[in-house]
Structure formats: C-alpha cells, structure tokens
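Fold and contact review
Read off the chains here:
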There are 2 protein chains.
Amino acid sequence: MSSWIPGADGSAFPLENLPYGVFRVAGGPDERPRVGTAIGDFVVDLGALAAAGGHRHAPLLTGMTLDGLLAAGPAAWREVRGWLTDLLGDRRWESGVRPHLVARDSVELLLPFTVADYVDFYSSEHHASNVGRLFRPNAAALPANWKHLPIGYHGRAGTVAVSGSPVVRPNGQRRDPASAGPSFGPSERLDLEVEVGFVVGVPSPGPVRVADFADHVFGVCLLNDWSARDVQSWETVPLGPFLGKSFLTSVSPWIVPLDALRHARVAPPPRDPEPLPYLRDVPGDPWGLDISLELEINGTVLSRPPFRSMYWTPAQQLAHLTCNGATLRTGDLFASGTVSGPEPDQRGCLLELSWGGAEPFRLADGSQRTFLEDGDEAVIRAWAPGPGGVRLGLGEVRGRVAPAS
Amino acid sequence: MSSWIPGADGSAFPLENLPYGVFRVAGGPDERPRVGTAIGDFVVDLGALAAAGGHRHAPLLTGMTLDGLLAAGPAAWREVRGWLTDLLGDRRWESGVRPHLVARDSVELLLPFTVADYVDFYSSEHHASNVGRLFRPNAAALPANWKHLPIGYHGRAGTVAVSGSPVVRPNGQRRDPASAGPSFGPSERLDLEVEVGFVVGVPSPGPVRVADFADHVFGVCLLNDWSARDVQSWETVPLGPFLGKSFLTSVSPWIVPLDALRHARVAPPPRDPEPLPYLRDVPGDPWGLDISLELEINGTVLSRPPFRSMYWTPAQQLAHLTCNGATLRTGDLFASGTVSGPEPDQRGCLLELSWGGAEPFRLADGSQRTFLEDGDEAVIRAWAPGPGGVRLGLGEVRGRVAPAS
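Residues numbered from 1 in each chain as written. Chains lettered and ligands numbered in written order. Predicted model: local features only at pLDDT ≥ 70, side-chain atom pairs only at ≥ 80, totals over all residues. Heavy atoms only, no water.

**Description of the overall build of chain A**
The number of helices and strands found in chain A is 10 helices and 26 strands. Against the globule reference of 22 Å for 405 residues, chain A gives a C-alpha radius of gyration of 21 Å, in line with a compact fold. The principal-axis extent of the C-alpha atoms belonging to chain A is close to 70 × 50 × 35 Å. Taking all 405 residues of chain A together, 61% fall into the buried category. (Helix = DSSP H or I, 4+ residues; strand = E, 2+ residues; numbered from the N terminus. Rg over C-alpha atoms; globule rule 2.2 N^0.38 Å. Buried < 20%, exposed > 50% of the residue type's maximum accessible area, 1.4 Å probe, protein only.)

This is the structure we're talking about:
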C-alpha cells in the first residue's frame, strides 16, 4: 500500500495506520476542535472532507469529538476506514483532499473523546511480581487471586488529559516510616506507569464475551498512569489506590483503530492454571498484541516494555469488567496496567527501575534518578507491526513535571 | 412557615424542604423529562413555571436534568429557592402555580443529574471497626491510616441508577474458603450499604478547602451501595473493591439542597488524633449532619443508622478528595460510606447485621436472612430536622432483588 501524501510511506503514520484524533488550529479562522486522521506529517480534516464529499457518515466526523464515530460501531468504522484508505491511497482524489490537509506540527491535539468511566488493570505478571517483592517481601510475589482474574479498579475519569498536559506534582498525605504520624506536602516519590489504553465505542447493557471484544472496542491509545508512590502506599489499605493516582492520567492523542492492529495480534503467554470459562481465549482469535513500548526521560531511553508479554489480554479484561452485569458506555476507557517485561530494561515504572528507590539509575546527562524531579519530561512511544513489514506508530504520550502548587 | 399546597405542612416535603428532582409523566402529552420540586403530595413543574413567569433563571430549570442548576452556583441556588419559597408559601401566587402542579404518585422519577465521577468513602468508625473485626480478626480493627484520612475509592459512575431500578443479582468470581480454586456464578452474599451521597455543583480546578464546602456542593441524596461480598472479598487484595460493587449503585430521586439542611448541622464526634491542618473543621462551621436513616427489608425495619455519628464529615471528604489537585466537575457524586452507629440496631449493612453471615436475623414474616434473597426489597429512608421542629424527609432509595441472568 502506498499513499500519495508526501512522506507518508515509511513514516509512523502510513496509509496502513490512520489513527483518529481531534485537533485545533490555534489562531486560524475557525478554532473549533475538529476530527482528523494523521498521515505522514499531516492531519486530514475529516469533518470538512466528509462534508465536502457528502459522505453518508459525515455526521460522525463533523463534531468536536470522536464520540459519534465511537458509538457508530464496527460496520461504520470499516466503511470510514475504507473510504479514507481509498482517498489517501489513490492519487485520483488528491485535488479533492489537498484543501483539507493541515501540517501536523501546526495543530494542537486535544483529548479526542469524552471519557465515561476509567478502569485501570494490573495485568503484567512481571510488574505485579516486582511490586509484590518490593511491598510484601515476606509473602508470595503475586496475590492469590492474580492468576484467576485480571485485577483492576476504577480511576478518576475527570482527570484523564491529553499528552502534553502539565504534570503538577501532587500534594498529599504520606507517612515516612521513620516518623510517628503522617505529614502533608508535595509527593517525594512521583512515578509514571507505561500502559496501553482501550477505548470503548459500542455500549453494552451487560456482559461482553471475550469473542465479542472487537464489536465494542474501537481502538488503542498510550497511557501514562502518573503515580505518587508515597501517597499511594499510605492510603491504599484496604480500599486500593485513590489520591496517589487521581491527580492525572495522560493519554496519547491518536486512537489507533483495532482494524489497523490486525497484524499485531499474537497469542498471549500460556496461562497456568487455566482461567474459568468466561475468561478463556477464543481459539484462533488471539488478543495478545505485539506492541513495542519505549519509555524515555529527558531524552534517555530507560526501558522497552513488550506488550506481548501481558498475562491478561484486553479481551479478557473487558469480559471480566462486565461479567457482573456492569454496563458499558461509549467512551469507557480501560488500561492494561503497567507493562513490564521479564528483563530489568523492560520495566514500565520507576518504582521497578529504581527497585523501590534503592537503586538509582542514570540519565544520559550523568544525573541520577530514583523518582521524577521537577522539570523532568517523560515520553512513552510505541509501535506495532502492520501488513508487509510496515511499522505503525501509536504516537506518544508526553508530560513534564511542574513543581507542586 | 406554611404552604398553601394542601397537605404540604407536616408532610415529608414541607415548604422548608423543596428538594430538586427530574420527573416524567408517562403517557402524558409531553413525556420529556422535566425538572421539579417535591412539596406535599405534589411535584411542581419548575421548567414550565419559570418559563411562564419569565424568571431570569428559567434556563437553569427548563432542561431535562439538574445539570444547569447544579453548575450555576450558590447565588443562583439561593435565588431559585427564595423564589420557590415565596411562590409556594404565599397564597397570592396560587392561581399562577396551580397549572404546574402534578400529583407525585403519577410521575416517574429519573436519575436527576449526569453523574461525572463517583467516589465512595468509608467514614463510619463503627462500620470500619466491625468490618475490620470480621475480616481481620487478628489485627487492629481499624487500619493504621483510618483516623488520619477519610479512606475512599472511585466507583463506577455509569452504573449509578435511580431508586427503583432492578437489582439484578450479579454473577462473579469468588472462592469458597473450603474449595481449592475459584468458581463463577450468582453472588451468594448479596448485601446493601446505607449511605448518604453528596452532589457537586460548582467545578473546581484544584483543592476545595473544608471552609469552601458549601460553595461547591449542591445537595444531598440517599445512596445504596449494593455489594456482592463473596466477589468483593476474593478480588479486593491489593487494589480494592471492583466488580463486587460496580454492578449497581442506587440513589434517591430527590436532591435536598444544603440550604434546607442548615438546622441539621451538628458538631462531628471528637477526633483523636487531631487531623492534619487541611482536614480540620472550621470552628463554628460544623459539617456533621443530624440525618436519621432507616433500613427496611420487606417491610421490617432492621436498623436506624445515625449519620451524626460519622467520624469524617463531607467537608473533610471533599477537601481530601481534591487535596492532590484533582479537579471537580459538575455532577461529581461522593458518598459517605456505610453509615453504622455504635449499637447493633444501628448497623448499615447486612454483613454487620448478620455478623458476617454467622448470626441470621429475623424479618417480620418470621423468615431468616443473612444476605439478600431474590425478591427481597430494601428501602432506605431518612429525615433531618428543619427549622422550628419541622421534620424534613430525604425521600427514599428502594430496590428489589431480581434473579441472576
């Protein structure tokens, strides 16, 4: 496949990718948010393009969010994607499309959909084992339930923000093990978590089976679950993480549709014991995903977590999330949990990379870190294999730490 | 104070109450949801009334939810309440108001606002101590952090529903202590929790001080946090409650404005140790609330939990919820946690009332219960003191258990 858009072939956003997002051209004649797709160094203004061409799905694309497109379901998703693949792949359409191209470096990217509920899972065996060893050194590394169900919890939907949003160091209550009582102040153990997020399109009044995952989930983003470890560890017993997480969750601006990830689907790792029937993979329909993640701080790549090593797939997570009859809404967002591979340089958070703060790591400028300092910038990037050896970018989620206010 | 509405004086909804809700007249000429207030046995159609009178706040009342009114803030809340108090208290306005009265038993009551994020606290010392004794018999009854901060967690906003919504027994994964592995099926320990919910009106970009509680919170509802104890206890370590709670949370349809509860404000219980400064009560501005709750199952009143015994006030809960910089949105809902008083007949959930299932209790028909059976109907009701000895009703939240599907 090849696009007539200059530079698209071989870029992170080739014709095989076509992720969806919402952009704004600040200072332009019309500053309203618009729906777009990324290709090469450009954004295509999909609302304008669809309206100009009188496309029957134009109403899904002329709004200020992806919400309409998300809710429309797989048939409409395929139709819109087919239409775009044709328009951007066939030079005959160039003169009609050209007026709707915007340079990607001239736009502001916004949170592309209305987040309904946000759930965060905990599905990397390596991450959960490392955390267990750090926090519960005298117990089994994994909790007793861990291999029976994808553990998760609800996070704060209202503080999910787009990449680039400032990461204001949170204040909070924590207890220094050496002191008698707790204190309040800026977190001293500000961390990040490399994750992949899944965006629900089609609502459900009840359980969504593993087999029906792609009938409901629209696509994939990158997600950074910023975490104040000192706040978290003091508050977390018995009801789980709360203020240690709720100040900010950042997501990448481009939602890569599941359709673009067909070639990234791989078998998940073997599970032992076998999960209960409602959590079993469907033979021949695997939802492991071969997404290669990368964590960079201040220009130094610290780790490369492999998403294919995740124990529980997003299809299992969604089946579990709904198995009690909980309804799904358009815009529900659920995340994988920290992605950590088996190797030390595949760990997806600083808690693991610094082994609980005991083993500082070094950045390229020679400085050392255990947790994030004010001014540090963290970037998560990812790629997945597309058809014919093409590499698809999932974009990035970026954030710079600002001092506590 | 006295209303010209027949039967309003002395009812649960007298002139001093005036809670807000959203109603629909099924089968009427206009079935759209409308904003109303309850008085005596009537609902006043506020949208129609305000539009007819050309009230300057009519746009806050003519929508299909309370969202506009919630966002408008304390000055508008006072103005609307003052206007209503005049209209419904002074017989000179009777002929203008009469056309906008609807019999309360002829309307369907709907979820009155768009729930943004839902947070559940755990702020009854008696409840937390009982749960601690039941679940951790060999440890301290209260977790180490309990008297330092109001423990809470995020729940599922998408499954908050209005009173009367069916309580379908959830399926889920649980582990019988006697068996080796977990199983999946209908919960065998379906419980309820008697709670009070607080509805946020005015958004905040950051921390809300204890002193500023009433600048942001609009009013109060009753809340039943249905809980599948077997699912909850298997899933809850280490990230807290998830599917054991997320199938349904029911709220009462009438939101009683804080203004109506002025006479219910009482000093909270003494705290030892003294909380950190950001959690301290403001002298002379107490946010303990003298709300008397009642739990009834199948017509038998099982307990009468006193809200005034809560250790942490809603003002402290809100200050804690936002102390890390987490933003507030209109429609954020936070709940007190199970309200249990010091006496056995003041316990707010069946887990406590049956002491973990070990001590069945008896209903008026002679039958015994530990947890809820299919067909059981639970009702939570509440009252608070108004001015001059008047008793204000907070309405009720009701739900009947339907078999698992």
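The structure having been displayed, the exposition proceeds.
**Considerations on the pattern of salt bridges**
All names here are of chain A. Tallying each qualifying case throughout the model produces 66 salt bridges over all chains. Between Asp191 and Arg229 there is a salt bridge, with the nearest N and O atoms lying 2.8 Å from each other. Of the two residues, Asp191 sits in strand 12 (residues 190-191) while Arg229 sits in helix 8 (residues 229-235), which places them 38 residues apart along the sequence. By the burial criterion, Asp191 is buried, and Arg229 matches it. Connected via shared salt-bridge partners are Glu294, Glu296, Arg304, Glu377, Arg381, Glu396, Arg398 and Arg400. (Salt bridge = Lys/Arg side-chain N within 4 Å of Asp/Glu carboxyl O.)

**Overview of the interface of chain A and chain B**
Counting residues at the interface gives 49 residues for chain A and 49 residues for chain B. When chain A packs against chain B, the two sides together hide about 4700 Å² of surface, and 61% of this comes from carbon and sulfur. Sorting the residues of chain A by area buried against chain B places Arg156, Leu239 and Phe242 of chain A first, and these three jointly supply 17% of that buried surface. Seen at the junction of chain A and chain B, the total is two salt bridges. Note that Asp332 of chain B is salt-bridged to Arg156 of chain A, the shortest N-O span being 2.9 Å. Inspection of the region where chain A meets chain B yields 22 residue pairs in polar contact (both at pLDDT 80 or more). Sorting the residues of the side of chain A that touches chain B by element identifies strand 6 (118-121), strand 7 (152-155), strand 10 (171-174), strand 11 (183-186), helix 8 and helix 9 (314-322) of chain A as the ones contributing at least two each. Here the side of chain A that touches chain B takes four residues from strand 7 of chain A, the largest share from any one element. Here the side of chain A that touches chain B is composed, by residue class, of 27 nonpolar, 16 polar and six charged. (Contact = heavy atoms within 4.5 Å. Buried area = accessible area lost by both parts, 1.4 Å probe. Polar contact = N/O pair within 3.5 Å; in protein donor to acceptor, adjacent residues only side chain to side chain. Nonpolar A, V, L, I, M, F, W, Y, C, P; charged D, E, K, R; others polar.)

**Remarks on the relation of the copies chain A and chain B**
When chain A is brought onto chain B, the operation consists of a screw motion whose angular component is 180° and whose axial shift is 0.0 Å, with 0.0 Å RMSD remaining. Considering both components of the superposition, the chain copies are consistent with a two-fold axis. In terms of proximity to the rotation axis, the leading residue of chain A is Gly240 of chain A, whose C-alpha is 2.1 Å off the axis. Both copies present the same face, since 100% of the interface residues in chain A are matched by interface residues at the equivalent positions in chain B. (Least-squares fit on C-alpha atoms with pLDDT ≥ 70 in both.)

**Some details on the pairing of strand 3 (residues 42-45) of chain A**
All names here are of chain A. Pairing of strand 2 (residues 34-39) with strand 3 involves four bridges; the strand directions are antiparallel. Within strand 3, the residue paired with Thr37 across the bridge is Val44. Two strands pair when backbone bridges link them, and strand 3 and strand 4 (residues 101-103) are joined in this way by three bridges, in the antiparallel orientation. Across the sheet, the residue bridging to Val43 is Val102, located in strand 4. (Pairing = 2+ DSSP bridges.)

**Some details on the side chain of Asp120 of chain A**
In this structure, Asp120 of chain A sits in strand 6. If near-sequence neighbours (up to four positions away) are discounted, Asp120 of chain A is found in contact with Ile151, Gly152, Tyr153, Glu193, Glu195, Asp225, Ala335 and Gly337 of chain A.

**Remarks on the nonpolar core**
Residues Ile291, Leu293 and Phe334 of chain A together with Ile291, Leu293 and Phe334 of chain B are the most contacted members of the largest nonpolar core, which totals 153 residues. If near-sequence neighbours (up to four positions away) are discounted, Leu293 of chain A is found in contact with Val194, Val196, Leu222, Ser303, Arg304, Pro305, Phe307, Val339, Ile380, Arg381 and Ala382 of chain A. (Core = buried A, V, L, I, M, F, W, Y, C linked by side-chain atoms within 4.5 Å.)

**Re the state of the cysteines**
Tallied over the full model, the rule gives zero disulfides over all chains. We note that Cys221 of chain B lacks a disulfide partner, and the nearest cysteine sulfur, in Cys349 of chain B, lies 19 Å from it. (Disulfide = S-S within 2.5 Å.)

**Examining the UniProt feature "domain: Fumarylacetoacetase N-terminal" (unreviewed entry) in chain A**
The UniProt entry lists residues 16-112 of chain A under the feature "domain: Fumarylacetoacetase N-terminal" (unreviewed entry), expressed in the numbering used here. Overall, residues 16-112 of chain A shows 39% helix and 22% strand. The separation of its end C-alpha atoms is 20 Å. (UniProt positions renumbered as here; feature names shortened; annotations may be inferred.)

**Brief notes about the environment of Asp285 of chain B**
Residue and element names in this part refer to chain B. Here Asp285 is to be found in the loop between strand 18 (265-266) and strand 19 (288-289). Sequence separation between Asp285 and Ala267 is 18 residues; the distance between their C-alpha atoms is 8.5 Å. With sequence-adjacent residues up to four places away left out, Asp285 is seen in contact with Ala211 and Arg265. A distance of 2.5 Å separates a polar atom in the side chain of Asp285 from a polar atom in the side chain of Arg265.

**Quick notes on unusual backbone geometry**
Look at the link from Asp272 of chain A to Pro273 of chain A: it is a cis peptide, with omega at 5°. Among the secondary structure elements, Pro273 of chain A is positioned in the loop between strand 18 (265-266) and strand 19 (288-289). Across the junction of Val237 of chain B and Pro238 of chain B, the peptide omega takes the value 10°, indicating a cis bond. Relative to the helices and strands, Pro238 of chain B is located in the loop between helix 8 (229-235) and strand 16 (249-251). Despite not being glycine, Asn298 of chain A has its phi angle at roughly 50°, a positive value. As for its placement among the helices and strands, Asn298 of chain A is situated in the loop between strand 20 (292-297) and strand 21 (300-303). Taking the relative accessible area as the measure of exposure, Asn298 of chain A reaches 36% and is therefore partly exposed. Look at Trp355 of chain A: it is not a glycine, yet its phi comes out positive at around 45°. Positionally, Trp355 of chain A belongs in the loop between helix 10 (350-353) and strand 23 (361-362).

**What about helix 4 (residues 74-89) of chain B?**
Over its 16 residues, helix 4 of chain B extends 22 Å from the first C-alpha to the last, a length consistent with the 22 Å expected when each residue adds 1.5 Å. When helix 4 of chain B is considered as a whole, its buried residues turn out to be Pro74, Ala76, Trp77, Val80, Arg81, Trp83, Leu84, Leu87 and Leu88 of chain B. (Expected span 1.5 Å × (residues − 1).)

**What about helix 1 (residues 46-53) of chain B?**
Residue pairs spaced three or four apart in an α-helix point in one direction, given the helix's 3.6 residues per turn. All names here are of chain B. Considered for burial, the residues of helix 1 that qualify are Leu46, Gly47, Leu49 and Ala50. Each buried residue of helix 1 sits inside an arc of 165° when the element is viewed along its axis, so together they form one side. On its buried face, helix 1 sits against strand 1 (20-24), strand 2 (34-39), strand 3 (42-45), helix 2 (58-61), helix 4 and helix 5 (94-97). Put simply, Asp45 is the residue that caps the front of helix 1, since its side-chain oxygen is 3.4 Å from the backbone nitrogen of Gly47. The positive-phi residue at the C-terminal boundary of helix 1 is Gly54, with phi of around 65°. (Arc of directions from axis to C-beta.)

**Remarks on the packing of helix 1 of chain B against helix 4 of chain B**
Residues and elements named next belong to chain B. Where helix 1 contacts helix 4, the axes come no closer than 13 Å and their chain directions differ by 90°. The angle between helix 1 and helix 4 falls in the class roughly perpendicular. Seen from helix 1, the contacting residues are Leu46, Leu49 and Ala50; seen from helix 4, they are Trp83, Leu84 and Leu87. Partitioned by chemical class, the residues of the contact of helix 1 with helix 4 number six nonpolar, no polar and no charged. (Axes fitted to C-alpha atoms, helices over the stretch in contact; angles between N-to-C directions. Parallel < 35°, antiparallel > 145°, perpendicular 65-115°, else oblique.)

**Thoughts on the domain arrangement of chain A**
Residue and element names in this part refer to chain A. As far as domains go, chain A holds domain 1 (20-110) and domain 2 (118-402). Every contact between the two is made by 19 residues of domain 1 and, on the other side, 18 residues of domain 2. When domain 1 packs against domain 2, close to 1400 Å² is buried across both sides, 75% of that on carbon and sulfur atoms. Taken together, domain 1 and domain 2 are joined by one residue pair in polar contact (both at pLDDT 80 or more). Across the side of domain 1 that touches domain 2, the residue classes tally to 11 nonpolar, four polar and four charged. (Domains from an automatic or database assignment.)

**A short note on the packing of aromatic side chains**
Per the counting criterion, the structure on display carries 24 aromatic pairs over all chains. Summarising the aromatic geometry, the rings of Phe242 of chain A and Phe121 of chain B are spaced 5.9 Å apart at their centres and angled 80° between planes, so their arrangement reads as edge-to-face. In this pair, Phe242 of chain A sits in the loop between helix 8 and strand 16 (249-251) while Phe121 of chain B sits in strand 6 (residues 118-121), so the two residues belong to two different chains. We note that Phe242 of chain A, like Phe121 of chain B, is buried. By the ring-pair criterion, three or more aromatic residues cluster together here, those being Phe121, Phe198, Phe213, Trp287, Phe307 and Phe334 of chain A together with Phe242 of chain B. Positioned above the aromatic ring of Tyr311 of chain A is the side chain of Arg271 of chain A, whose terminal nitrogen or guanidinium carbon lies 5.9 Å from the ring centre. Over the aromatic face of Trp287 of chain B sits the side chain of Arg265 of chain B, whose NZ or CZ is 3.6 Å from the ring centroid. (Phe/Tyr/Trp six-rings, centres within 6.5 Å; stacked < 30°, edge-to-face > 60°. Lys NZ or Arg CZ within 6 Å of the ring centre and 35° of its normal.)

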